[in-house]
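Each chain, letter by letter, is given below.
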Amino acid sequence: FSNLGLSRATLFRALQTLVTSGEVQRVQHGRYQQATISDGVDPWVLATRAVPDGVLCLLSALAFHELGTQLPADVWLALPKSAYRPQIDYPPIRFVHFSDLAFSAGQEEHLRTGGVVRGYSVAKTLADCFKFRNRIGVDVAVEALKDAVHQRRTTINELMAMARVCRVQAVMAPYVETIAAH
């Protein structure tokens, strides 16, 4: 904040003004995101509607499950390995291609404002984050893993099963063991 010349109080007042005007919505304590578009439909719903084969993944799935502190500007969608990437104006989408087994494993559907969101389970999302750690950052993956384990949102067995599906069990095992021991 200080490098922008803003105090915490000024930033808080600005956020409150944006929340009151409806431009920003509070997701949870200390976390805000751009409000949904005017018809009230969730951007995640719009994205999965616009891309019928798409599944919410990586940073968007972390935000959906409220793990870690990432609030991505784009909706991250997984597609099958050779699927076409459609051009979508809104919401902005980042596509990631998954192999057949990695794409189909751990899919879930959740009812949200305006429709259904297809996404991955907590365990599958964490395994994907470790698989794509070079793209999203290993620190993001570790932070989300800590949150999930401490909140008991998944089990070690589920995590390691999805790690096998994503072929990252050797990468994830030391982190899982260390975090589970604390």
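Everything here concerns the structure above.
Residues numbered from 1 in each chain as written. Predicted model: local features only at pLDDT ≥ 70, side-chain atom pairs only at ≥ 80, totals over all residues. Heavy atoms only, no water.

### Some points on the nonpolar core
We apply this condition: Note on terminology: a nonpolar core comprises buried Ala, Val, Leu, Ile, Met, Phe, Trp, Tyr and Cys residues joined through side-chain atoms within 4.5 Å. The classification of residues rests on relative accessible area computed with a 1.4 Å probe and restricted to protein chains. Under 20% of the type maximum is buried, over 50% is exposed, and intermediate values are partly exposed. Helix and strand labels come from DSSP, where a helix needs a run of H or I of at least four residues and a strand needs a run of E of at least two; each type is numbered from the N terminus. Should any heavy atoms of two residues lie within 4.5 Å, those residues are counted as being in contact.
Counting residues in each nonpolar core, the largest one holds 39 residues, and the members touching the most others are Cys 57, Leu 62, Phe 98, Leu 126, Leu 145, Leu 159 and Met 172. If you list the elements that add at least two residues to this core, you get helix H3 (58-65), strand S4 (75-80), strand S5 (93-98), helix H4 (100-104), helix H5 (122-131), helix H7 (138-150), helix H8 (156-165) and helix H9 (169-181). Those residues in contact with Cys 57 that lie beyond four places of it in its chain are Trp 76, Leu 77, Ala 78, Val 96, Phe 98 and Tyr 120. Counting residues in hydrophobic clusters, the runner-up holds 16 residues, among them Val 41, Val 45, Ala 47 and Ile 93.

### Points about the pattern of salt bridges
Inclusion rule: Basic side-chain nitrogens of Lys or Arg form a salt bridge, by our definition, when they fall within 4 Å of a carboxyl oxygen of Asp or Glu.
Per the counting criterion, the structure on display carries three salt bridges. Among the ionic pairs, Arg 94 bridges to Asp 74, the shortest N-O distance being 3.2 Å. You can see Arg 94 sitting in strand S5 and its partner Asp 74 sitting in the loop between H3 and S4, a full 20 residues away along the chain. When its relative accessible area of 43% is taken as the criterion, Arg 94 is described as partly exposed. A salt bridge links Asp 128 to Lys 124, with the nearest nitrogen and oxygen atoms 2.7 Å apart. Here the residue Asp 128 and the residue Lys 124 both occupy positions in helix H5, the gap between them amounting to four residues, near one helical turn.

### Quick notes on the packing of H5 against H7
Using the following cut-off: Axis lines are fitted to C-alpha atoms, over the contacting stretch for helices. Their N-to-C directions set the angle, which ranges from 0 to 180 degrees. Every angle not falling under 35 degrees, over 145, or within 65 to 115 is termed oblique; those three ranges are roughly parallel, roughly antiparallel and roughly perpendicular. Take the far helix as your reference; a near helix turned counterclockwise from it by less than a right angle gives a left-handed crossing, and one turned clockwise gives a right-handed crossing.
Taken N-terminus to C-terminus, the directions of H5 and H7 make an angle of 160°; their axes are 9 Å apart at the nearest point. When the interaxial angle is binned, H5 and H7 end up roughly antiparallel. Here the hand of the crossing between H5 and H7 comes out left-handed. For the pair H5 and H7, the contacting residues are Val 122, Leu 126, Cys 129 and Phe 130 in the first and Ala 141, Val 142, Ala 144, Leu 145 and Ala 148 in the second.

### As for the environment of Gly 68
Looking at the element boundaries, Gly 68 is found in the loop between H3 and S4. The class for Gly 68 is buried, based on a relative accessible area of 8%. Separated by 75 residues in the primary sequence, Gly 68 and Glu 143 place their C-alpha atoms 5.6 Å from one another.

### Structural notes on the side chain of Asp 42
Heads up, the condition is: What qualifies as a polar contact is a pair of N or O atoms within 3.5 Å, subject to a donor-acceptor requirement within protein and to the restriction that residues adjacent in sequence count only when both atoms come from side chains.
Within the fold, Asp 42 resides in the loop between strand S2 (31-34) and helix H2 (43-50). Of the polar contacts made by the side chain of Asp 42, one reaches the side chain of Arg 112; its length is 2.8 Å.

### Considerations on the packing of aromatic side chains
Formally: Each Phe, Tyr or Trp ring, with Trp reduced to its six-membered ring, pairs with another whose centre is within 6.5 Å; inter-plane angles below 30 degrees give stacked pairs, above 60 give edge-to-face pairs, and intermediate values give tilted ones.
Per the counting criterion, the structure on display carries four aromatic pairs. Considering the side-chain rings of Phe 98 and Tyr 120, the 5.8 Å spacing of their centres and the 20° angle between planes classify their relative orientation as stacked. Within this pair, whereas Phe 98 is found in strand S5, its partner Tyr 120 is found in strand S7 (residues 115-120), the two being separated by 22 residues in sequence. The exposure class assigned to Phe 98 is buried, which follows from its relative accessible area of 3%. Judged by centre distance (5.5 Å) and plane angle (15°), the ring pair of Phe 98 and Phe 132 falls under stacked. With Phe 98 in strand S5 and Phe 132 in the loop between H5 and helix H6 (133-136), the pair connects residues that are 34 residues apart, well separated along the chain. Each of the two residues, Phe 98 as well as Phe 132, counts as buried. One aromatic cluster in this structure is built from Phe 98, Tyr 120 and Phe 132.

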